[in-house]
Amino acid sequence: MREPGGPEAPAAPLLAPRGAHGPGLVPLFDHHIHSDLRNADDYELMAVSGITTALVPCSSSHERRTSGDAFAARFDRLIEVETRRAAAYGIDLYVGLAVHAADMSDLRSALEGVDELHKRLGHPRVKALGEVSLRHRTTDEVTVLERQLSLAAQTGTPVMVETPPPLEAFGAMLSPLARAIERSGVDVGRVAVMDLDEHKLGLVLDHGGFDGLGGYGLAVSPGADALFAVRQKVTHREVMSILDSRGPDRLMLNTGFHFGSADPLGLGKTVHRLRLGGVPEQTVRALAHGNAAEFFDIPHRLR
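Residues numbered from 1 in each chain as written. Predicted model: local features only at pLDDT ≥ 70, side-chain atom pairs only at ≥ 80, totals over all residues. Heavy atoms only, no water.

**Section: the pairing of strand S3 (residues 92–97)**
Among the six residues that make up S3, five are buried, leaving the element largely enclosed by the rest of the structure. The pairing of strand S2 (residues 51–56) with S3 spans four bridges and is classified as parallel. The partner of Ala54 across the bridge, within S3, is Leu93. The pairing of S3 with strand S4 (residues 126–132) spans three bridges and is classified as parallel. Opposite Val95, over in S4, you have Val126 as the bridge partner. (Buried < 20%, exposed > 50% of the residue type's maximum accessible area, 1.4 Å probe, protein only. Helix = DSSP H or I, 4+ residues; strand = E, 2+ residues; numbered from the N terminus. Pairing = 2+ DSSP bridges.)

**Let's talk about the confidence of the model for the protein chain**
Of all residues in the protein chain, 88% have pLDDT values of 70 or greater, and the mean over the chain is 90. Across residues 1–24, where pLDDT falls below 50, the model places 14 contacts with residues more than four positions away in sequence or in other chains. (pLDDT = per-residue confidence, 0-100. Contact = heavy atoms within 4.5 Å.)

**Description of the packing of aromatic side chains**
Any two aromatic rings considered together are summarised by their centre-to-centre distance and by the angle between their planes. Applying the stated rule across the entire model yields four aromatic pairs. Pairing Tyr43 with Tyr89 gives two aromatic rings, centres 6.4 Å apart and planes at 35°, and the pair type is tilted. Here the residue Tyr43 occupies a position in helix H1 (residues 42–48), and Tyr89 occupies one in the loop between helix H2 (68–87) and S3, the gap between them amounting to 46 residues. The exposure class of Tyr89 is partly exposed, given its relative accessible area of 28%. Both rings, one in Phe295 and one in Phe296, keep their centres 4.9 Å apart while their planes meet at 90°; by these two values the pair is edge-to-face. Under the relative-accessibility criterion, Phe295 is labelled buried at 6%. Directly above the aromatic system of Tyr94 lies the positively charged group of Arg125, at a separation of 4.4 Å from the ring centroid. (Phe/Tyr/Trp six-rings, centres within 6.5 Å; stacked < 30°, edge-to-face > 60°. Lys NZ or Arg CZ within 6 Å of the ring centre and 35° of its normal.)

**Let's talk about the side chain of Ser109**
With respect to the helices and strands, Ser109 occurs in helix H3 (residues 107–120). By relative accessible area, Ser109 is classed as buried at 0%. Those residues in contact with Ser109 that lie beyond four places of it in its chain are Arg65, Thr66, Ser67, Gly68 and Phe71.

**Description of the sheet that holds S4**
Ordered by their spatial adjacency, eight strands build an open sheet running S1-S2-S3-S4-S5-S6-S7-S8, and the pairing between neighbours is parallel. If you trace the sheet from one side to the other, it starts and ends with strand S1 (28–30) and strand S8 (251–254), each paired once. For this sheet, the mean inter-axis angle between neighbouring strands, taken without regard to orientation, is 25°. Relative to strand S7 (residues 215–219), strand S6 (residues 191–196) runs parallel, the two being bridged by three bridges. Within S7, the position partnered with Val193 by the bridge is Tyr216. Relative to S8, helix H7 (residues 236–246) is tilted by about 175°, and along the sheet it contacts S7 and S8. (Axes fitted to C-alpha atoms, helices over the stretch in contact; angles between N-to-C directions.)

**Observations regarding helix H5 (residues 167–184)**
With 18 residues, H5 extends 26 Å between its outermost C-alpha atoms, agreeing within 8% with the 26 Å of an ideal straight helix rising 1.5 Å per residue. The sharpest bend along H5 reaches about 30° and sits at Leu174, with the proline Pro176 one to four residues further on. Listed as buried for H5 are Phe170, Met173, Leu174, Pro176, Leu177, Ala178, Ala180, Ile181 and Ser184. Tucked inside the fold, the buried residues of H5 contact helix H4 (139–155), strand S5 (159–161), S6 and helix H6 (198–207). (Expected span 1.5 Å × (residues − 1). Bend = angle between axes of the 7 residues up to and from the residue.)

**As for the pattern of salt bridges**
Pairing between side chains becomes possible if they bear opposite charge and their charged atoms approach one another. Taken as a whole and assessed by the stated rule, the structure comprises 17 salt bridges. Among the ionic pairs, Glu116 bridges to Lys119, the shortest N-O distance being 3.2 Å. One end of the pair is Glu116 and the other is Lys119, both in helix H3 and three residues apart, which spans about a single turn. Across the salt bridge formed by Asp263 and Lys269, the nearest N and O atoms sit 2.8 Å from each other. Assessed through its relative accessible area of 23%, Asp263 is described here as partly exposed. By relative accessible area, Lys269 is classed as partly exposed at 34%. Among the ionic contacts, a cluster of salt bridges with common partners joins Asp36, Glu63, Arg65, Arg74 and Asp103. (Salt bridge = Lys/Arg side-chain N within 4 Å of Asp/Glu carboxyl O.)

**With respect to the packing of helix H8 (residues 266–276) against helix H9 (residues 281–296)**
Relative placement of two packed helices is described by the angle separating their axes and the distance separating the axes. Direction vectors running N to C along H8 and H9 enclose 160°, while the axes themselves pass 10 Å from each other. In terms of orientation, H8 and H9 fall into the roughly antiparallel class. When the axes of H8 and H9 are compared, the crossing they make is right-handed. Between H8 and H9, the residues in contact are Val271, Leu274 and Arg275 and Glu281, Val284, Leu287 and Ala288, respectively. Within the contact of H8 with H9, the residues separate by chemical class into five nonpolar, no polar and two charged. (Parallel < 35°, antiparallel > 145°, perpendicular 65-115°, else oblique. Left-handed = near helix turned anticlockwise from the far one by under 90°. Nonpolar A, V, L, I, M, F, W, Y, C, P; charged D, E, K, R; others polar.)

Structure representation (structure tokens):
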């Protein structure tokens, strides 16, 4: 306490946790973005936030595709055009290719699309088969899913599974997905499930059909009151809660940003807040780069 009339005691300095900022921070790998549906300037924002490497999966474009050629055109645009758009801003971009259930018109054209996918799985820019999904769990959707998972098994390609936003639909998809993985022969350790939050992650871990899953993708961003948000993102506080309950093993942070209201800076902001929250740097590196780089086998993953 100070004496009456004496000088004020100096205020304690506000110091950020050690390692929360400054040079030498790990480059970020955003392994789940939908930048092909957005303005290319997003790549500049990603780059200045520390992202050096990214992966664009072939998610639904909300266009029904009626031929193998239609799927091939989308695949080639991702491989040839999107990688150049990203490179112009300094982002080393890889892609995932898939026939998404929401883009299927009929079984014939979807299987033609799978054939086109097969032709491109050896391309050096193709690092995943994805995103695959089940929307209505029809026989045709399951057939196309299993055909793609079988290709992944044959080629050793990592698989990205998109999950529907409603929790009820997500829960209904888990058992058909687990059966398709088992029937296809794909190694479950080569499969990652995207778009998880704390509740969905719990359902996957409790299911029993996904023991040894290769990756758990969390789409992260600080909370926002967006007018057109396709999906809700996981905040840094929710990430810290998950870390407290199960640790960082196979957790992979991404923005998952899409054609709606979404923040290409979401990964950088979340990583910064995790550091300020005292998450150890080794854990931050695993969440924001190492786990995903290992899963997708990117050629310049950090040692």
